[in-house]
Amino acid sequence: MSARDVTRQPGDATAQFSREIMRGDVQRFVAALGLKNPVHHSVDAARAAGFPDVVAPISYVLGFSIVPRDVKLHHFGVDETRAVASEFTFDLRRPICAGDVLTARTILVDVAAKATGKPGTILSFETAARDPDDGIVLIARDSIIEVGA
Amino acid sequence: VNTMPPTRVFGPIARADIAAICQATADASPLHLDEAFARAAGHPDVLVPGTMLMGWLGEYIADWTGLTFGSLQWRVKLTGPVWPGDRLIIEGQPSSTGGAGSVEVRNGEGRIVGKANFEVRDD
């Protein structure tokens with residue numbers, strides 16, 4: 001699918017993806033950032049605090065870590081070289097821990113011309129992550145500015 | 001939430017940490033990992049993923065409020081690029097109405113590269 005084939009209609013969605021939150025990925029993420037809260041990197045500390053396994057920081061569980069970023073960009077015809085991440089909103093309903101299996105797809109919710117500065121297009125997305133019981137765990141909204149469009 | 005939080009400094013941001021973040025979040029964007037690609041796209045270096053800034057913001061807000069896991073709603077706006085080697089200075093301000101706050105992230109030159117607002121959910 002080339003960028004020209006994409007209609008970019010609000011409501012259009014990617015395929016659905018499932019991903020298990022892996023303990024090693026959470027620990028690698030936390031180590032790279034130097035985060036100090038032990039519930040993020042120590043299983044013992046997480047269990048002592050009442051969690052089943054290490055707790056993923058909110059920022060770890062972004063929509064694109066469930067729906068692969070390249071899938072999302074390709075689906076909506078976004079040119080990687082002109083795409084800049086802009087705004088993120090998280091509504092986290094419960095802690096997410098290693099071992100959780102989350103399912104999500106990303107929906108295009110709005111397309112708008114950039115109002116100020118250099119010309120561009122703002123694409124707004126919503127990704128709702130659900131657990132196996134179909135309960136919503138996280139609603140993440142994000143915007144990408146495609147400059148020069 | 002209603003107390004003034006301390007200012008914190010994160011970084012300097014290492015290329016190895018950018019690679020680790022990208023691996024952990026399945027973000028294979030060459031803008032973060034391939035310097036030649038980033039330069040060809042008009043940038044002076046690879047772009048630091050917004051995930052790093054948000055990770056530090058998350059810890060800052062969690063330390064401030066003591067509420068990390070499922071009772072916060074927050075919005076982040078990335079307002080400028082962050083480059084390898086940058087240090088980020090994070091500073092928060094409680095809201096006058098309570099139960100909420102705002103945070104600014106500046107780079108070493110004092111430019112605001114990110115802003116966040118958060119509130120504690122009642123449910």
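Our subject is the structure listed above.
What counts, and where the lines are drawn
Residues numbered from 1 in each chain as written. Chains lettered and ligands numbered in written order. Predicted model: local features only at pLDDT ≥ 70, side-chain atom pairs only at ≥ 80, totals over all residues. Heavy atoms only, no water. Buried < 20%, exposed > 50% of the residue type's maximum accessible area, 1.4 Å probe, protein only. Helix = DSSP H or I, 4+ residues; strand = E, 2+ residues; numbered from the N terminus. Pairing = 2+ DSSP bridges. 1 Å grid on protein atoms, 1.4 Å probe; cavity = no way out; pocket = protein on both sides within 12 Å on 5 of 7 lines; lining within 4 Å. Points joined across faces, edges and corners; volume = space filled by probe spheres on them. Nonpolar A, V, L, I, M, F, W, Y, C, P; charged D, E, K, R; others polar. Polar contact = N/O pair within 3.5 Å; in protein donor to acceptor, adjacent residues only side chain to side chain. Contact = heavy atoms within 4.5 Å. Axes fitted to C-alpha atoms, helices over the stretch in contact; angles between N-to-C directions. Parallel < 35°, antiparallel > 145°, perpendicular 65-115°, else oblique. Left-handed = near helix turned anticlockwise from the far one by under 90°. Buried area = accessible area lost by both parts, 1.4 Å probe. Salt bridge = Lys/Arg side-chain N within 4 Å of Asp/Glu carboxyl O.

### Topic: the pairing of strand β3 (residues 88-94) of chain B
Residues and elements named next belong to chain B.
- Residues L88, I90, G92 and P94 line the buried face of β3, whereas the alternating positions I89, E91 and Q93 sit on a face that is not buried.
- In the sheet, β3 pairs with strand β4 (residues 100-107) via seven bridges, with the strands oriented antiparallel. By the bridge assignment for β4, Q93 is matched with S102.
- What sits between the antiparallel neighbours β3 and β4 is a turn of five residues, in which G98 has the positive phi angle 85 degrees.

### Looking at the layout of surface pockets
- Counted as a void, the largest pocket has a volume near 810 Å³.
- Lining the largest pocket are 41 residues, and of these A:A83, A:V84, A:A85, A:S86 and B:L47 sit closest to its centre.
- Of all elements in the fold, only α4 (69-75), β2 (83-92) and β6 (136-147) of chain A together with α2 (30-33), α4 (50-65) and β2 (72-78) of chain B reach the threshold of two or more residues within the lining of the largest pocket.
- Residues that form the lining of the largest pocket fall into these classes: 22 nonpolar, nine polar and 10 charged.

### A short note on the side chain of A:D100
Residues and elements named next belong to chain A.
- Within the secondary structure, D100 is located in the loop between β2 and β3 (101-104).
- Within the structure, D100 has its side chain in polar contact with the backbone nitrogen of C97 (distance 3.0 Å).
- Beyond its immediate stretch of four places on either side in the chain, D100 contacts R19, E20, I21, R94 and P95.

### Digging into the packing of helix α1 (residues 23-33) of chain A against helix α1 (residues 15-24) of chain B
- Relative orientation of the contacting elements α1(A) and α1(B) amounts to 155 degrees, with a least axis distance of 9 Å. When the axis of α1(A) is compared with that of α1(B), the two are roughly antiparallel. Both α1(A) and α1(B) take part in a crossing whose hand is left-handed. Here A:D25, A:R28, A:F29, A:A32 and A:L33 of α1(A) come into contact with α1(B), specifically with B:D17, B:A20, B:I21, B:Q23 and B:A24.
- Classifying every residue of the contact of α1(A) with α1(B) by side-chain character gives six nonpolar, one polar and three charged.

### Topic: the interface of chain A and chain B
- The partner chain B presents 32 residues to the 34 residues of chain A that form the contact.
- The contact between chain A and chain B buries some 3000 Å² in all, and 60% of this surface belongs to carbon and sulfur atoms.
- Where chain A meets chain B, there are two salt bridges.
- A:E87 is the partner of B:K77 in a salt bridge, and the nearest nitrogen-oxygen pair spans 3.8 Å.
- One can count six residue pairs in polar contact (both at pLDDT 80 or more) joining chain A with chain B.
- Element by element, the count of residues in the side of chain A that touches chain B is highest for β2(A), at nine residues.
- Classifying every residue of the side of chain A that touches chain B gives 17 nonpolar, seven polar and 10 charged.
- One ladder, built from five bridges, connects β2(A) with β2(B); its direction is antiparallel. Within β2(B), the position partnered with A:E87 by the bridge is B:K77.

### Brief notes about the packing of α1(A) against α4(B)
- With their axes 10 Å apart at the nearest point, α1(A) and α4(B) run at an angle of 80 degrees to one another. Classed by the angle they form, the pair α1(A) and α4(B) counts as roughly perpendicular. Only B:T51, B:M52, B:G55 and B:W56 of α4(B) make contact with α1(A), whose side of the interface consists of A:F29, A:A32 and A:L33.
- Among the residues forming the contact of α1(A) with α4(B), the class breakdown is five nonpolar, two polar and no charged.

### Considering the pairing of strand β5 (residues 120-130) of chain A
All names here are of chain A.
- The element β5 is largely enclosed, with a buried count of eight among its 11 residues.
- Note: strand β4 (residues 106-113) against β5, seven bridges, orientation antiparallel. Residue pairing across strands places V111 opposite L123, the latter belonging to β5.
- The antiparallel pairing of β4 with β5 creates a hairpin that spans six residues between the two strands, and G117 there sits at a positive phi of about 70 degrees.
- Summarising the sheet, β5 and β6 pair through 11 bridges and their orientation is antiparallel. Following the sheet pairing, L123 is matched in β6 by I144.
- Hairpin connection, β5 to β6: the antiparallel pair is bridged by five residues, and D134 has positive phi, about 75 degrees.

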